[in-house]
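Okay, here's what each chain looks like letter by letter:
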Amino acid sequence: APQSYDVAVIGSGGAGLAAAIRASDAGARVVIIEKMPTIGGNTIKASVGMNAAETRFQALKGIKDSKELFYQETLKGGKFRNNTELLKEFVERAPGAVEWLASLDIVLNDITITGGMSIDRTHRPEDRSAVGGFLISGLVNNVNQRSIDVLLDTTVEEILHENGVVTGVKIANEYNEHHILLAKSVVVATGGFSANRKMVVHYRPELKGFVTTNHKGATGSGIALLEKIGAGTVDMDQIQIHPTVEQTTSYLISESIRGGGAILINQEGQRFYNELETRDNVSAQIIALPEKSAWILFDEQVRQNNKAADEYIARGFVISAATAGELALKLNMEPEALQQTLERYNGFVKQNKDEDFGRTTGLRFPLEHGPFYAIRIAPGVHHTMGGVTINTETEVVNDQHQVIKGVWAAGEVVGGIHGANRIGGNAVADIIIFGTLAGQNAAAHALA
Ligand code: ADP
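Computed from a prediction, not measured in an experiment: that's the story for all the values here.

The rules behind each value
Residues numbered from 1 in each chain as written. Predicted model: local features only at pLDDT ≥ 70, side-chain atom pairs only at ≥ 80, totals over all residues. Heavy atoms only, no water. Near = heavy atom within 4 Å. Polar contact = N/O pair within 3.5 Å; in protein donor to acceptor, adjacent residues only side chain to side chain. Areas by Shrake-Rupley, 256 points an atom, 1.4 Å probe, with all protein chains shown as cover. Helix = DSSP H or I, 4+ residues; strand = E, 2+ residues; numbered from the N terminus. Nonpolar A, V, L, I, M, F, W, Y, C, P; charged D, E, K, R; others polar. Buried < 20%, exposed > 50% of the residue type's maximum accessible area, 1.4 Å probe, protein only. Arc of directions from axis to C-beta. Contact = heavy atoms within 4.5 Å. Axes fitted to C-alpha atoms, helices over the stretch in contact; angles between N-to-C directions. Parallel < 35°, antiparallel > 145°, perpendicular 65-115°, else oblique. Left-handed = near helix turned anticlockwise from the far one by under 90°.

Q: Can you break down the site of the ligand residue by residue, with the values?
A: If you check the shell around the ligand, you find 26 residues, and the closest are Glu34, Gly41, Thr43, Ser221 and Glu412. At a separation of 3.5 Å, an oxygen atom of the ligand approaches a polar backbone atom of Gly13. The contact in question runs from a nitrogen atom of the ligand to an N or O atom on the side chain of Ser221, over 2.7 Å. Summarising the interface, the protein chains cover 98% of the accessible area of the ligand, which totals 580 Å² for the free molecule. Elements with a minimum of two residues in the shell around the ligand: α1 (14-25), β7 (155-162) and α7 (221-228). Residue classes in the shell around the ligand are distributed as eight nonpolar, 15 polar and three charged.

Spelled out as structure tokens, the structure:
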């Protein structure tokens, strides 16, 4: 007889792990099914952190923020295309999600900023390391402490659906043997489709040839699985390119480096834009440069405040020099041009006003402490804002907003929350907020 569970979770990224833990804590028998040989999905690559307003950790640092402002800035960043019902739920539940993580010993109590926000609200680990690895290892510890089954190297090929109700999943293991798993509830947390070139180019032909920052499992298979049982989709052509991707390795240079004080310069050694504008706008400016690429530049002080910078140095794609002038020579740039740019920028930092490009955030430190560092960057496909439609309880719905019984979805597989442009730090918030909600509701349904 087929194995039988209360809740089957498809995908082991942040949304799937959060859903599984939450469902297990509600008393459900849970299985996580992951097609890749390793756990963590694309979440493990997340860099900046988790956005939330009105949290305990902000209060501890004396940061005054409001849910209303978080809502408005996310809506503006999303070009007012966001599903406002989902966005309200998102903003409302964010502080609770930060606390839920803390209760699992995943504490995000350092706070920084990313593009498109005016107040520090991006929560990250105390040691300022990248959030993804920290989050996944913490969630995996919690999965291991519970009796949750994990199947790796196992792909869900079909969501079983009888008389309008979901009954389980059809899986294929690494030997391509097929099995059925029965489940009273199914949570789809399969992530986005940034690594599916065909699908990306289908919706956005001009993105042909772009690298992607995503892991290769980000193929959008969950969207097809859900469409087959009637799910609606929304915003499929809303695909985010991230402005700062190292092109030879497709490695993402975190927005937290700019948030922590780095600038962008062109081959003439000049700044060309507000570095902390939203990702879509910064990307467009870089693509408009003659080289279609730019340099992200920072100094020793910025490096010391961002653990991620050490990672980039270790990976070998950072060019460094003792002085800005020497760095310019290594970048085939006029030393004087770069020095003038830095002097002018440092003046803006000291007066806290960027007269050239109106940058208002991350004007943290004058860039004046050698060594100086630079990385050549250009945009890469980073996040797919579109996906399947859900309601505010994370139930999957069809185009007429009717619920498909027995199936929930959370994380990047879902469309609508981020509108036309996702703000840095909102993906991690999304997966924890809606992952836990999906897990809770899926468990309640199964145990009713
Ligand atoms: P999110 O950030 O929304 O949690 P991630 O990209 O981090 O999304 O994780 C999604 C996970 O789902 C990835 O590890 C991916 O390999 C996995 N996945 C995608 N499609 C399937 C599938 N059909 N069967 C099993 N796992 C899948």
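Still more ground to cover, so stick around.
Q: Account for helix α9 (residues 279-287), with residues named and values stated.
A: The periodicity of an α-helix, 3.6 residues per turn, causes residues three or four positions apart to be oriented the same way. Turning to α9, its buried residues are Arg279, Asp280, Val282, Ser283 and Ile286. Angular distribution of buried residues about the axis of α9 spans 165°; they occupy a single face of the element.

Q: How would you sum up the environment of Gly232? Please name residues and give values.
A: Tracing the sequence through the fold places Gly232 in the loop between α7 and β10 (233-234). Since its relative accessible area comes to 1%, Gly232 is described here as buried. Spatially, the C-alpha atom of Gly232 lies 30 Å from that of Trp100, the residues being 132 residues apart in sequence. Setting aside residues no more than four positions away along its own chain, Gly232 makes contact with Gly387, Val388, Thr389, Val397, Asn398 and Asp399.

Q: Tell me about the packing of helix α5 (residues 131-144) against helix α14 (residues 426-447), and please be specific about residues and values.
A: Interhelical geometry of α5 versus α14 gives an angle of 15° and a closest axis separation of 11 Å. The orientation of α5 with respect to α14, classified from their angle, is roughly parallel. Relative to α14, the crossing made by α5 is left-handed. In contact with Val131, Leu135 and Leu139 of α5, α14 contributes Val428, Ile431 and Ile432. Considered class by class, the residues forming the contact of α5 with α14 number six nonpolar, no polar and no charged.

Q: Let's hear about unusual backbone geometry: which residues, and what values?
A: In this structure, the amide linkage connecting Gly370 to the following residue, Pro371, adopts the cis form with an omega of -5°. Relative to the helices and strands, Pro371 resides in the loop between α13 (335-351) and β16 (372-384). Phi is positive for Asp235, which is not a glycine, with a value near 55°. The topology assignment puts Asp235 in the loop between β10 and β11 (239-246). Using a relative accessible area of 11% as the deciding quantity, one classes Asp235 as buried.

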